[in-house]
Amino acid sequence: MRRRRIPPREDAVCHVSAGRDKLGLDIHYINAFKGQGIFTTVPFQKGDFLLEYRGKLITKEECERRHRVYHDSLKVFMFEFKFDGKLWCVDASQEDGSLGRLVNDNHISPSAKMKILNINRKPHLCLFASRDISPGEEIDYNYGDSDWPWRCKTETSQIQKTVSCLKPQPNCIPNNDLDLKHPEPERVNIIQCTT
């Protein structure tokens, strides 16, 4: 007998309300540059809820204060966003066992998209699959508009490939997919969870 698929937004609300991560995701060490990442152990369909980026919800002012005192290695865990006309931040710099803080950046071909869910008038940052995802694939998303140090390395190598393709070479196809636009997370209103 086939199980009925739970609608993605309802799935998100239930996981957020329970404060737990979804099954089918696992932590893997990638390398010294990237560190750890989140990988799937089961398939996900485009649109499926994957996980929440959990941490402490703080105001813009508190976020600015923490940026002044935090070491650079902690600043990458601060997710700034707009909600109800105000700037907010989720500070996930403290290890809490949740998986969302370990999802890596991919601004070229991400497997997930961040959406802001309004659950009981409080914002929650949730990742949804932007395409079908097979077991063993890394979950990643576009961190947004910023000068992340690892992007310089990636974009430089992409530019070098494109420039080298300007010289006539056999079997060389330029990659003109450098996406320099960084979208804001999509906002979704959900008032309460009914289970």
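Keep in mind that what you see is a predicted model, and the values were worked out from it rather than measured. (Residues numbered from 1 in each chain as written. Predicted model: local features only at pLDDT ≥ 70, side-chain atom pairs only at ≥ 80, totals over all residues. Heavy atoms only, no water.)

Chemist: Describe the sheet that holds strand E7 (residues 104–105), listing the residues and the values that go with them.
Modeler: Strand order in this open sheet of four strands is E1-E2-E10-E7, and the pairing throughout is mixed. The sheet is open, and its two edges are formed by strand E1 (25–31) and E7, each paired on a single side. Pairing of E1 with strand E2 (residues 35–40) involves six bridges; the strand directions are antiparallel. Paired with Ile 27 across the strands is Ile 38, a residue of E2. (Pairing = 2+ DSSP bridges. Helix = DSSP H or I, 4+ residues; strand = E, 2+ residues; numbered from the N terminus.)

Chemist: Help me get a handle on the pattern of salt bridges, residues and values and all.
Modeler: For the structure shown, the criterion picks out ten salt bridges. Glu 138 is the partner of Lys 34 in a salt bridge, and the nearest nitrogen-oxygen pair spans 3.1 Å. One end of the pair, Lys 34, is in the loop between E1 and E2; the other, Glu 138, is in strand E10 (residues 138–141), with 104 residues separating them in the sequence. Judged by relative accessible area, Lys 34 falls into the partly exposed class, the value being 35%. Assessed through its relative accessible area of 14%, Glu 138 is described here as buried. Residue Glu 64 is joined to Lys 60 by a salt bridge in which the shortest nitrogen-to-oxygen separation is 3.2 Å. Residue Glu 64 and its partner Lys 60 are located together in helix H2 (residues 60–69), separated by four residues, close to a single helical turn. Residue classification places Glu 64 among the partly exposed positions, given a relative accessible area of 36%. Residue Lys 60 is classed as partly exposed on the basis of its relative accessible area of 34%. What you see here is one network of salt bridges that share partners, running through Glu 62, Arg 65, Arg 66 and Asp 91. (Salt bridge = Lys/Arg side-chain N within 4 Å of Asp/Glu carboxyl O. Buried < 20%, exposed > 50% of the residue type's maximum accessible area, 1.4 Å probe, protein only.)

Chemist: Summarise the nonpolar core; cite the residues concerned and give the values.
Modeler: Counting residues in each nonpolar core, the largest one holds 25 residues, and the members touching the most others are Leu 50 and Tyr 53. Of all the secondary structure elements, the ones that give two or more residues to this core are strand E3 (49–53), strand E5 (78–83), strand E6 (86–91), strand E8 (112–119), strand E9 (122–129) and E10. Each residue touching Tyr 53, except ones within four places of it in the same chain, is listed here: Val 76, Phe 77, Met 78, Phe 79, Val 90, Ala 92, Gly 100, Arg 101, Met 114, Leu 125 and Tyr 141. Judged by nonpolar contacts, the second largest core, of eight residues, contains Ala 12, Phe 49, Cys 126 and Phe 128. (Core = buried A, V, L, I, M, F, W, Y, C linked by side-chain atoms within 4.5 Å. Contact = heavy atoms within 4.5 Å.)

Chemist: Explain the sheet that holds strand E4 (residues 56–59) to me, and be specific about the residues and the numbers.
Modeler: On the basis of which strands lie adjacent, the open sheet formed by three strands has the order E4-E6-E5 and antiparallel pairing. For this open sheet the edge positions go to E4 and E5, each flanked by a neighbour on one side alone. On average, adjacent strands in this sheet sit at an angle of 30 degrees to one another, irrespective of strand direction. Relative to E6, E5 runs antiparallel, the two being bridged by six bridges. Its bridge partner lying in E6, Glu 80 is registered against Cys 89. (Axes fitted to C-alpha atoms, helices over the stretch in contact; angles between N-to-C directions.)

Chemist: Describe helix H1 (residues 8–18), listing the residues and the values that go with them.
Modeler: Along H1, the residues classified as buried are Asp 11, Ala 12, Val 13, His 15 and Val 16. Looking at the packing, one finds that the buried side of H1 touches E3, E8 and E9. Phi turns positive, to about 65 degrees, at Gly 19, one or two residues after H1.

Chemist: Give a detailed account of unusual backbone geometry, specifying residues and quantitative values.
Modeler: Residues other than glycine seldom take positive phi values, yet Asn 120 does so here, at roughly 55 degrees. Position of Asn 120 relative to the elements: it lies in the loop between E8 and E9. Even without a glycine there, the phi angle at Arg 121 is positive, about 65 degrees. By the element assignment, Arg 121 lies in the loop between E8 and E9. What makes Arg 121 exposed here is its relative accessible area of 76%.

Purely geometric stuff here, so don't read any function into it on its own.
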